[in-house]
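# Reading the structure
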Amino acid sequence: MSTRAVLITGANGEIGHGLVSRLTEKHPDIHIVAIDVHPLSKALQDQCHEVIVGDVLDSTMIDRLAAFYDFSSIYHLAAILSTKAEREPVLGHRVNVDGTLGLLELAARQARATGENVKFLFPSSIAAYGLPDVATKMRAGKVKENEWLDARTMYGINKKYCEDLGRYYNWYYRQIDPQPTAAHVDFRAIRFPGLISAITMPTGGTSDYGPEMMHNAAAGKPYDCFVPESATLPFMTMPDAINALLQLEETPAKNLTQVVYNIGAFSVSARDFYDVIKEAFPEAVVNFKPDVLRQKIVDSWPANVDDSWARKEWGWQPEYDFVRAFREYLIPAVKERYRT
Ligand code: SER
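The text that follows walks through the structure, step by step, so that each part is easy to find. By convention here, each chain's residues receive numbers from 1 onward along its written sequence. pLDDT decides what is reported in this predicted model: residues at 70 or higher carry local features, side-chain atom pairs at 80 or more are listed and counted, and totals for whole chains, interfaces and linings draw on all residues regardless. Note: side-chain values were computed over all heavy atoms of the structure, leaving out hydrogens and water.

## A word on the packing of aromatic side chains
Here the distance between the centres and the angle between the planes together describe a pair of aromatic rings. We apply this condition: Two rings belonging to Phe, Tyr or Trp (six-membered ring only in the last case) form a pair when the distance between their centres is within 6.5 Å. Interplanar angles under 30 degrees mark stacking, angles over 60 mark edge-to-face geometry, and anything in between is tilted. Helical segments are the DSSP runs of H or I of at least four residues, strand segments are the runs of E of at least two, and each set is numbered from the N terminus. Comment: the charge-over-ring label is applied if NZ (Lys) or CZ (Arg) is within 6 Å of the ring centre and within 35 degrees of the ring normal.
Tallied over the full model, the rule gives 19 aromatic pairs. Between Tyr209 and Phe273 the ring centres are 6.4 Å apart and the planes differ by 80°, which places this aromatic pair in the edge-to-face class. With Tyr209 in helix 8 (residues 209-218) and Phe273 in helix 10 (residues 270-280), the pair connects residues that are 64 residues apart, well separated along the chain. Taken together, the ring pairs connect Tyr209, Phe226, Phe235, Phe266, Phe273, Phe322 and Phe326 into an aromatic cluster. We note Lys335 situated over the ring of Phe281; from NZ or CZ to the ring centre the distance is 5.4 Å.

## Quick notes on the sheet that holds strand 10 (residues 232-237)
To keep it simple, the criterion reads: DSSP calls a pair of strands paired once it identifies at least 2 bridges connecting them. Note on geometry: axes are lines fitted to C-alpha atoms, helical ones only across the stretch in contact, with angles between N-to-C directions running from 0 to 180 degrees. The contact criterion used throughout is that any non-hydrogen atoms of two residues lie within 4.5 Å.
Here three strands make up an open sheet; going across it, the order is 8-10-12 and the pairing mixed. Each edge of the open sheet is held by one strand with a lone partner, namely strand 8 (194-196) and strand 12 (266-269). In this sheet, adjacent strand axes meet at a mean angle of 45° when their direction is disregarded. Relative to strand 12, helix 13 (residues 322-337) is tilted by about 85°, and along the sheet it contacts strand 8, strand 10 and strand 12.

## A look at helix 8
Selection rule: Exposure is judged per residue with a 1.4 Å probe applied to protein chains only, and the accessible area is read against the type maximum: over 50% gives exposed, under 20% gives buried, and values in between give partly exposed.
In terms of residue burial, helix 8 counts as a mostly covered element, since ten of its ten residues are buried. If you check which residues of helix 8 are buried, you get Tyr209, Gly210, Pro211, Glu212, Met213, Met214, His215, Asn216, Ala217 and Ala218. Immediately beyond the C-terminal end of helix 8, within one or two residues, lies Gly220, with a positive phi of roughly 75°.

## Quick word on the sheet that holds strand 5 (residues 118-125)
Reading across from one edge, 3-2-1-4-5-7-11 is the order of the seven strands in this open sheet, with parallel pairing throughout. Each end of this open sheet is capped by a strand with a single partner; those strands are strand 3 (50-53) and strand 11 (260-262). Across the sheet, the mean angle separating the axes of adjacent strands is 20° when strand polarity is ignored. In this sheet, strand 4 (residues 69-76) lies alongside strand 1 (residues 3-9) in parallel orientation, the contact comprising seven bridges. Among the inter-strand pairings, Val6 is bridged to a residue of strand 4, identified as Ser73. On top of the sheet, helix 1 (residues 14-26) reaches strand 1, strand 2 (32-36), strand 4, strand 5 and strand 7 (185-192); it is set at about 155° to strand 1, its chief contact. Each of strand 1, strand 2, strand 3 and strand 4 is contacted by helix 3 (residues 59-68), which is oriented at about 130° to strand 4, the strand it contacts most.

## Side note on the site of the ligand
Operational definition: To be near a molecule or strand, a residue needs just one of its heavy atoms within 4 Å of it. Any pair of nitrogen or oxygen atoms within 3.5 Å is treated as a polar contact; in protein, a donor-acceptor pairing is required on top of that, and neighbouring residues in sequence qualify only through side-chain atoms on both sides. Using a 1.4 Å probe, accessible areas were evaluated by the Shrake-Rupley method; residue-level cover was limited to the displayed protein chains. Gly counts as polar in this scheme, as do all residues outside two lists: the nonpolar Ala, Val, Leu, Ile, Met, Phe, Trp, Tyr, Cys and Pro, and the charged Asp, Glu, Lys and Arg.
Inspection of the region around the ligand gives Leu81, Ser82, Ser125, Tyr155, Gly205, Thr206, Ser207 and Trp301 as its neighbouring residues. In this structure, an oxygen atom belonging to the ligand sits 2.5 Å away from a side-chain N or O atom of Ser82. Contact distances for the ligand include 3.2 Å between an oxygen atom and a side-chain N or O atom of Tyr155. Protein coverage of the free-state accessible area of the ligand, which is 240 Å², stands at 92%. Partitioned by chemical class, the residues of the shell around the ligand number three nonpolar, five polar and no charged.

## Some remarks on the nonpolar core
Heads up, the condition is: Among the buried residues, those of types Ala, Val, Leu, Ile, Met, Phe, Trp, Tyr and Cys that are joined through side-chain atoms within 4.5 Å form a nonpolar core.
By size, the foremost hydrophobic cluster in this structure holds 78 residues, and its most contacted members are Ile8, Tyr75, Tyr209, Trp314 and Phe326. Not counting the four nearest positions on each side in its chain, Phe326 is found in contact with Met214, Phe273, Val276, Ile277, Ile331 and Pro332. Ile52, Leu65, Ala107 and Ala111 belong to the second-largest nonpolar core, a separate cluster that totals 33 residues.

## Description of helix 5 (residues 89-114)
Quick note on the threshold: A helix is expected to span 1.5 Å for every residue after the first.
For helix 5, which comprises 26 residues, the first-to-last C-alpha distance of 37 Å matches the rise-based estimate of 38 Å (1.5 Å per residue) to within 8%. Just past helix 5, the residue Gly115 takes up positive phi, approximately 75°.

## Some remarks on the pairing of strand 1
Here is the rule we go by: Orient the strands so they point away from the viewer; a crossover is then right-handed if the path from the first strand over the helix to the second runs clockwise.
In terms of residue burial, strand 1 counts as a mostly covered element, since five of its seven residues are buried. As for the winding sense of the linkage, the β-α-β connection from strand 1 through helix 1 to strand 2 is right-handed.

## Quick look at the environment of Phe120
Along the chain, Phe120 falls in strand 5. According to the relative accessible area criterion, Phe120 is buried, its value standing at 0%. C-alpha of Phe120 to C-alpha of Thr257: the two residues are 137 residues apart in sequence and 16 Å apart in space.

Worth remembering: the numbers are spatial, not functional.
Take a look at the structure:
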């Protein structure tokens, strides 16, 4: 008899950390199966039914999971972020695309075996967009899901392609089989803006300058910011990102007309980050030393996103705007984290 469970890949990552805790708070009886290439902290392990230290590309591990569990939902968070994937493109493609394909197949097998849809929650990214230059970006304003989709990074291309794979598994999987399956993969993706957590430091991303500036200021370390003061991206706090995933997971399928949704909270420049961080940490030393090559990636991502589909279809609304995010969540929490 298989155990009914929820699978989280990349559970030790920035989103995974918060998601495990929020899910166990919300559903104390939940069985979470967590996978990560790195071991989870003891506190996180204690909240999981099983923790597997392993690679999402390991098909033997995936087969084993299929044999022992019935997953109602899969949160496939494991990924190589944009800067790292640009340094190691083939690795990025393997993990981001082949890893996702393996998990989608697991979900499809399970849907076939149990006759019940398996929800597949996928964090996509503003990296799926590709604007040609900063002038066009600033003119474009709030970008809609179906605009400016010429992604320029390996990570962005991977995310965009996985959205298409998800759409395929959702609507067209094995479409010429004479016997259609009774259940399918219910794929739902969110294109996240840059995420800022007070608890964890990001690794390998290109939107990391915001969180890095804040964590370094709180730790009393100088920071060289790799984009100019004017660089602007949409950002969001980690609690809002996790709310969004949970909210989208809970929305009845009949309410959803899309498989991919933008969500926004606030759009800010690196200078805006600097000002609010300097106010909280007057001793902070931040030098703007743009790395032209990484800056070009930021220039190709939208300054803001149009999230009206998410607002209309599943009631998306961020809890934190820029001022509240720093005043009520980020600054108090990072001060606490780095208190000596
Ligand atoms: N934050 C991610 C990155 O910078 C984008 O989704 O890679």
